[in-house]
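Chain residues, written in single-letter form:
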Amino acid sequence: MGTDTTKTLSASEESYIETIGNLIRERGYARVTEIASILNVKPPSVTNMLQKLDEQKYVTYKRYRGVILTKKGRSLAKTLERRHNTLKRFFVMIGVSDENAEKDACKIEHEIDPETAKKLAKFVEFVQSAPRTPPFLEHFTQYLETGERPKECKVKIQIKES
Ligand code: FE2
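Everything quoted here is computed from the prediction, not taken from an experiment.

(A) Fine view of helix α4 (residues 71-93). In a regular helix each residue adds 1.5 Å, so 23 residues correspond to 33 Å; α4 covers 33 Å between its end C-alpha atoms and thus fits that length. If you check which residues of α4 are buried, you get G73, L76, A77, L80, R83, T86, L87, K88 and F90. Just downstream of α4 lies G95, where phi reads positive at about 95 degrees.

(B) Here's a closer look at the packing of helix α1 (residues 11-27) against α4. Taken N-terminus to C-terminus, the directions of α1 and α4 make an angle of 90 degrees; their axes are 9 Å apart at the nearest point. As far as their axial angle goes, α4 and α1 are roughly perpendicular. Seen from α1, the contacting residues are E14, I17, E18 and G21; seen from α4, they are G73, L76, A77, L80 and E81.

(C) Region of interest: the confidence of the model for the chain. Put simply, the chain has an average pLDDT of 90, and 90% of its residues get 70 or more. When the criterion is pLDDT under 50, residues 1-6 qualifies, and its contacts beyond four places in sequence or with other chains add up to 1 contact.

So, how was this worked out
Residues numbered from 1 in each chain as written. Predicted model: local features only at pLDDT ≥ 70, side-chain atom pairs only at ≥ 80, totals over all residues. Helix = DSSP H or I, 4+ residues; strand = E, 2+ residues; numbered from the N terminus. Expected span 1.5 Å × (residues − 1). Buried ≥ 20, exposed ≤ 12 C-beta atoms within 10 Å, placed from the backbone. Axes fitted to C-alpha atoms, helices over the stretch in contact; angles between N-to-C directions. Parallel < 35°, antiparallel > 145°, perpendicular 65-115°, else oblique. Contact = placed C-beta atoms within 7 Å. pLDDT = per-residue confidence, 0-100.

Spelled out as structure tokens, the structure:
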């Protein structure tokens, strides 16, 4: 532990950090009742967890007052938010519904290796910053809809094989 930044929190603990970060970003504060309702847990569980996260220096929590993220907590919240966005954008890109993309991003963001997250972020950035939708993505969308490779793909394959 100490200044070690490697993963020391469970997925559930990380979800608290993410939720607190989102609440503070959206409203400027985070309260136990709101955290409980978002995470679908009872307020006493939130209180216990906040005390635990306070001991580990991720948050500053005083009973009957709000909770704020420490520098360490903010840094983790930012990493999770970035991963969440990358994963969600990637899933939507390959045709997953917004709802499932959101749900799966929130599960995977806690388990994904930093290298994988980084490369995936680069990939999403590369595709989305392209001047137009890359042909392979248009072709993939067609493939999803029809189950067939577009003609252009087939021609290229034939040329290669002959
Ligand atoms: Fe998330």
